[in-house]
Amino acid sequence: MKKYRQERKEEIKQSRKKYNQTHKVEIHQYYSKCKAEKRLWYQTHKTEKREYAKKYQQEHRVELQEYNKKYQQAHKTKITKQHRQYYQNHKAERHEQDKEYRQTHKVEIQKYRQEHKKERQEYRQSEKGKLLNSKYIAKRKRNLGFIPLMSNPFPEEIQIDYHHINNIFVVPIPRQVHRSIGGKNHRIKVNDWVEKIIGNVGVC
Ligand SMILES: [Zn+2]
């Protein structure tokens, strides 16, 4: 049988191609029916399937955890890349979902905030929290980008601000310096300082 098929490979291929071309409509109908049936099956067995998955997960928790851990370690860079790409592709959707969630869960969110007041405050005052807040303000309130041109070169005890050298890039600067150069032409004056102290970082 195998030999027969091998010998007539090209012939079979051609006749299949011909069949596909002359029966296009039927094939399409068959596959759409199949799809619809599958969908229906999935819809009617949704709860069942979910229950089964849940049960399976509970019964195999340790193995699954082990497996996930190993997989994540082995594919770290790939996973990060995939997540980033996924986030980029679904950004708009995600923002809509988040917005909706915030609107429909106002009470829960309020309660969570009340219960975690202290942690939230601590986080806001941490370096990471502050950076995230500046980023948020830059993006949402000032319609600016927030791409750091370098990591913070200053010692930990020096408080820093991220100064916008243009509408997209930021550079870490000691807060004392940043705040002392206020008023008109703040950006240009601070950029001059940056150029003098840190060097030319491509200010434009
Ligand atoms: Zn600034």
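Structure shown above.
Residues numbered from 1 in each chain as written. Predicted model: local features only at pLDDT ≥ 70, side-chain atom pairs only at ≥ 80, totals over all residues.

Remarks on the overall build of the chain
How we decide: What counts as a helix is a DSSP run of H or I of at least four residues, what counts as a strand is a run of E of at least two, and both are numbered from the N terminus. Here the radius of gyration uses the C-alpha set of atoms, whereas the globule reference equals 2.2 Å times the residue count to the power 0.38. Buried residues are those with 20 or more other C-beta atoms within 10 Å of their own C-beta, exposed residues have 12 or fewer, and partly exposed residues lie in between; C-beta atoms are placed from the backbone. What counts as a contact here is a pair of residues whose C-beta atoms, placed from the backbone, lie within 7 Å.
The number of helices and strands found in the chain is 12 helices and 3 strands. Taken over the C-alpha trace, the chain has a radius of gyration of 29 Å; the compact-globule value for 204 residues is 17 Å, which it surpasses by more than 25%. Evaluated residue by residue, the chain yields a buried proportion of 6% over its 204 residues. In the chain, the share of contacts with a sequence separation of at least 24, taken over all contacts with a separation of at least 6, comes to 17%.

A look at helix 4 (residues 46-59)
Put simply, the rule is: Here, expected helix span is obtained from the residue count minus one, scaled by 1.5 Å.
Its 14 residues place the ends of helix 4 20 Å apart at the C-alpha level, agreeing with the 20 Å of an ideal helix rising 1.5 Å per residue. Of all 14 residues that make up helix 4, 0 are buried, and the element is exposed over most of its length.

Structural notes on the sheet that holds strand 3 (residues 169-174)
Test applied: DSSP calls a pair of strands paired once it identifies at least 2 bridges connecting them.
The strand order 1-3-2 describes an open sheet built from 3 strands, whose pairing is mixed. The sheet terminates laterally at strand 1 (147-148) and strand 2 (160-164), the two strands that pair on one side only. Where strand 1 meets strand 3, 2 bridges bridge the pair, whose relative direction is parallel. Among the inter-strand pairings, proline 148 is bridged to a residue of strand 3, identified as valine 170.

A look at the nonpolar core
Put simply, the rule reads: We call a set of buried Ala, Val, Leu, Ile, Met, Phe, Trp, Tyr and Cys residues a nonpolar core when their C-beta atoms link them within 7 Å.
Membership of the largest hydrophobic core is limited to 9 residues, which are Ile160, Tyr162, Ile165, Phe169, Val170, Val171, Ile173, Val190 and Val194. Looking at this core, the elements with two or more residues in it are strand 2, strand 3 and helix 12 (186-197). Broken down by element, the residue count for this core peaks at 4 residues, all from strand 3. Here tyrosine 162 is in contact with Ser134, Pro148, Val170 and Pro172, once residues within four sequence places are set aside.

Some thoughts on the pairing of strand 2
In terms of strand pairing, strand 2 meets strand 3 through 5 bridges, oriented antiparallel. Paired with tyrosine 162 across the two strands is proline 172, which belongs to strand 3. Between the end of strand 2 and the start of strand 3, which pair antiparallel, lie 4 residues.

Quick word on unusual backbone geometry
Of note, asparagine 143 is a non-glycine position whose phi angle comes to about 55 degrees, a positive value. One non-glycine residue, asparagine 185, lies in positive phi territory at about 60 degrees. Inspection of the secondary structure puts asparagine 185 in the loop between helix 11 (175-180) and helix 12.

Observations concerning helix 3 (residues 24-44)
If you check helix 3, its first and last C-alpha atoms are 30 Å apart, about what 21 residues at 1.5 Å a residue would give, namely 30 Å. Where burial is concerned, little of helix 3 is hidden: 0 out of the 21 residues are buried.

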